[in-house]
Amino acid sequence: MDIEILQNDRMAQDGHSILRSLQNDSLHPLDLLVREFTQNSLDASIDPAEGIKINVDTGSFIKNDLLKEINGFNTQFAALYNKDEYKYLSLSDKKTSGLTGEIIFDEIDNDQLGNLTKLVYLLGANQEKKGAGGSWGLGKTIYFRLGMGLVIYYSRIKTQNNRYEERLVAHMVEDQKSKNNYVLEKGRGIAFWGEKYNDTNTKPITDANYIRDFLNIFNLQPYKENETGTRIIIPFIDDKTLMSNLEGKTKLIFNEYGHFSIESYLENAFKRWYISKLDNHRNQVKNPIELSINNSLVQYNSFENIYKILQDLYIAGNKDFSNKTDKVKGELSKVDINLKRIDIRQPGTVPSGNLVYTVISEEKSETKFKPPSRELLGFYSETEEDENIESKNILFTYLRNPGMAIRYEDFGQWTKNIELSNKNERLIAMFVPNSTAVLKDTKHNLIDTMEDYLRSCEKADHSEWVDITLPNIQPTVVKRIKHQVNTFLKKEMSDSELKGAAGSSTIGRVIGNRFMPPMTIGKSPKRSENDNNSRKFHHTTAKLNFDITEIKQRESLLDIAFVLTPTVQTKEKFEAAVFLEVASEINKVSCESWEKDLEKKFPFEISEFEVEGEQNIIALESAKYNSVYGFKVKDLSVHDSLTGSLTVNFLNDGFRPSIGFEGIKQKGN
């Protein structure tokens, strides 16, 4: 194969910037590999009814056999890779269209970029296919982060004249800025191997006999008969190096003999992210996935219980969006599954998707959210003591049409402040969008379907949904869905009296065991209307109760969930202020007094503040340092309590914070 090393050029990306383009440190590289490869395979599926086949192959190869075909490295290569034999990792798909498109880069039509160009030759080439999983064209950079940066692409396609054509190309990206041990000649850290079509540029090799011999280096077979698809080969893999950052956190990195095993981890990663489609041909889902690991088929009857439940949830949630509520029995798990349709206004009522959930008993040992099930879902920590004990009984995930779980969370925007009345039960929930629901913006006509909108809301690594801002409009679709899901689950799962008792218990445990100095709130979290510490509305005789329902520490941050409840009936509107004070032995010191008298910055600030519903919120900032010490919520009615959360940032841990609050009658009422 001929080498083509890209040279420095104006406005050209180098290997350093490419490897930094997908910033995701929250997921292991093998998780990102599974998410990216499977998403590309699903996007290239030929027949959604039949689905796709994915094979994972690992094995060893002789280094010198590969170097006879791929060469051009500098003198450092021999010192860095001095063994005779190395491991490779390969992922391949079938029943997909393969790396289609023009093979000579200079002849590519920019309006008709093929899969070959998008995957191999361009960075950031968006996937335009309707309902596609990929969007940003950056996820493929994970391939270069697993071995030495060398990736081999092999594909077989069916051309427009119904002939089959094979293609082979190699691509390498390395960081020559921050690393001294690079193996390409000095330049941009980017190289291609193929067949030269002019003095400098290369194209993929299409000689089927050469490709067959090349694949034999890895003991891999070419596609045959009417098969089409794509295979990537990543040589120079080291299991221990790749998995070392997970040592001590999960047993999934070991095989049955106690050795580091990427095969073991990869099998679970496919279940974790694509459980909705994995071995799910029987339920007529679009693009079911048949997975094999080193020729061993992964089948649903071998799934752990947690995965059986998750697949049952997806089947129930994806089947029908016409019912507002429903209840079914899970086919694999045999658990009772509840369904609640989530409707939003956009304009008119739009059935945005189904919330599906089940509550299971702790007695079902395989579904406890502690090892092994929390490991299966990617919740890793050094020790059990570091775990968020209060959030273990909740698991939530969400996904869109391609079927990849976006993320799993046991505490976050979807699940905040949800408490089960029975602590021996576990809530497992999933949101399945109604992909075909029309989200028409009648004024600007910028929004089409729910699927299109959610796809545009995903980050480049597909790790979250974040509402986008369109010209002159901010749809807030995701925000409203999250709010409705969270509100419904809180109402369904929580009992008010039990919740109050649990909140009080949580405060005592957190304050007593988790951090110093302790925090004071100046009021007990559970009290009667005769409590002398309740503050009164200005100009009225009404009382306003402030109840803390949950409190958690994250290093120098303190997350607090609360409920503000007026204790009198009146038609007048009011505004509620929540603010931080410094607790002392004599009294509490306000931010204004602290900065005026001591001429120092207030030792705490509120970094986040949120309340339910669409509220008129004003930040309270210090006059001198502009730090936020509180918030004021206006135009409130006393008929309903106000649920919210805030995060306190400790700027100086030598002082104790106190939360102050007051209700003020608004002028003009």
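So, a few notes on the structure that sits alongside this text. (Residues numbered from 1 in each chain as written. Predicted model: local features only at pLDDT ≥ 70, side-chain atom pairs only at ≥ 80, totals over all residues. Heavy atoms only, no water.)

Let us look at the sheet that holds strand β12 (residues 336-345). Ordered by their spatial adjacency, six strands build an open sheet running β11-β12-β13-β16-β14-β15, and the pairing between neighbours is mixed. For this open sheet the edge positions go to β11 (325-329) and β15 (405-409), each flanked by a neighbour on one side alone. Averaged over all adjacent pairs, the angle separating strand axes in this sheet is 20 degrees, with direction ignored. Where β12 lies against strand β13 (residues 349-361), eight bridges are found, and the strand directions are antiparallel. Considered in β13, the bridge of lysine 340 is made with leucine 355. (Pairing = 2+ DSSP bridges. Helix = DSSP H or I, 4+ residues; strand = E, 2+ residues; numbered from the N terminus. Axes fitted to C-alpha atoms, helices over the stretch in contact; angles between N-to-C directions.)

Generally speaking, a soluble globular protein has its nonpolar side chains buried in company with each other. Among the nonpolar cores identified, the biggest contains 80 residues, and Leu30, Tyr153 and Leu310 are the most heavily contacted of them. With near-sequence residues (within four places) excluded, leucine 310 lies in contact with Ile275, Leu377, Leu395, Thr397, Tyr408, Ile428 and Met430. Of all hydrophobic cores here, the second largest spans 30 residues; its members include Ile70, Met148, Ala170 and Met172. (Core = buried A, V, L, I, M, F, W, Y, C linked by side-chain atoms within 4.5 Å. Buried < 20%, exposed > 50% of the residue type's maximum accessible area, 1.4 Å probe, protein only. Contact = heavy atoms within 4.5 Å.)

Further remarks concern helix α6 (residues 208-215). What α6 keeps buried is the set Ile211, Phe214 and Leu215. End-on view of α6: buried residues confined to an arc of 95 degrees, all on one side of the axis. Between the side-chain oxygen at the start of α6 and the backbone nitrogen of asparagine 209 there is a gap of 3.0 Å, and the oxygen is on aspartate 207. (Arc of directions from axis to C-beta. Polar contact = N/O pair within 3.5 Å; in protein donor to acceptor, adjacent residues only side chain to side chain.)

This brings us to the packing of aromatic side chains. Within this structure, the stated rule accounts for 28 aromatic pairs. Put simply, the rings of Phe61, Phe73, Phe77, Tyr81, Tyr86, Tyr88, Trp193, Tyr210, Phe214, Phe218 and Phe236 touch in pairs and so form one group of aromatic residues. A cation over a ring is seen here: arginine 35 above tryptophan 273, with NZ or CZ 4.5 Å from the ring centre. Lying over the aromatic face of tyrosine 300, arginine 282 brings its terminal NZ or CZ to 4.2 Å of the ring centre. (Phe/Tyr/Trp six-rings, centres within 6.5 Å; stacked < 30°, edge-to-face > 60°. Lys NZ or Arg CZ within 6 Å of the ring centre and 35° of its normal.)

Over the atoms, a rolled probe matching the size of one water molecule traces out where space is still vacant. Estimates place the volume of the second largest pocket at around 880 Å³. Take the lining of the second largest pocket: its biggest share by element is four residues, from helix α7 (residues 239-243). Broken down by class, the residue content of the lining of the second largest pocket amounts to 15 nonpolar, eight polar and 11 charged. (1 Å grid on protein atoms, 1.4 Å probe; cavity = no way out; pocket = protein on both sides within 12 Å on 5 of 7 lines; lining within 4 Å. Points joined across faces, edges and corners; volume = space filled by probe spheres on them. Nonpolar A, V, L, I, M, F, W, Y, C, P; charged D, E, K, R; others polar.)

Regular strands place their side chains on alternate faces of the sheet. The element β11 is largely exposed, with a buried count of zero among its five residues. Pairing analysis gives five bridges linking β11 to β12, with the strands arranged antiparallel. Bridging from a neighbouring strand, aspartate 326 pairs with leucine 339 of β12. The turn joining β11 and β12, which pair antiparallel and follow one another in sequence, is formed by six residues; a positive phi near 65 degrees is taken by lysine 334.

Turning next to helix α8 (residues 262-274). Given a rise of 1.5 Å per residue, 13 residues ought to cover 18 Å, and the 18 Å separating the end C-alpha atoms of α8 matches this to within 8%. Within α8, 11 of the 13 residues are buried, which leaves the element mostly enclosed by the surrounding structure. Residues of α8 that are buried include every one of Ile262, Glu263, Tyr265, Leu266, Asn268, Ala269, Phe270, Lys271, Arg272, Trp273 and Tyr274, and no others. (Expected span 1.5 Å × (residues − 1).)

Let us now look at the side chain of serine 333. Within the secondary structure layout, serine 333 lies in the loop between β11 and β12. Taking the relative accessible area as the measure of exposure, serine 333 reaches 17% and is therefore buried. With near-sequence residues (within four places) excluded, serine 333 lies in contact with Lys308, Ile309 and Asp312.

Looking now at unusual backbone geometry. The phi torsion at asparagine 287 lies on the positive side, around 55 degrees, for a residue other than glycine. Along the chain, asparagine 287 turns up in the loop between α8 and β9 (289-293). With relative accessibility at 11%, the residue asparagine 287 sits in the buried group. In this model, asparagine 295 sits at a positive phi of 70 degrees, which is unusual for a non-glycine residue. The class of asparagine 295 is exposed, set by a relative accessible area of 70%.

What follows is about the packing of helix α11 (residues 450-457) against helix α12 (residues 477-493). Across the interface, α11 lies against α12 with an axial gap of 10 Å and an inter-helix angle of 100 degrees. With respect to each other, α11 and α12 are oriented roughly perpendicular. Here Met450, Tyr453, Leu454 and Cys457 of α11 lie close against α12, whose contacting residues are Val477, Val478 and Ile481. Classifying every residue of the contact of α11 with α12 by side-chain character gives seven nonpolar, no polar and no charged. (Parallel < 35°, antiparallel > 145°, perpendicular 65-115°, else oblique.)

A word on empty space enclosed by the protein. All told, the structure shown has five cavities of 30 Å³ or more when counted by the stated rule. As a volume, the second largest cavity reaches approximately 50 Å³. Every residue along the wall of the second largest cavity is listed here: Lys416, Asn417, Lys490, Glu610, Val611, Glu612, Thr643, Gly644 and Ser645. For the lining of the second largest cavity, the secondary-structure elements that each account for two or more residues are β22 (604-611) and β25 (642-650). When residues of the lining of the second largest cavity are assigned to their parent elements, the largest contribution, three residues, is made by β25. Taken together, the residues that form the lining of the second largest cavity break down as one nonpolar, four polar and four charged.

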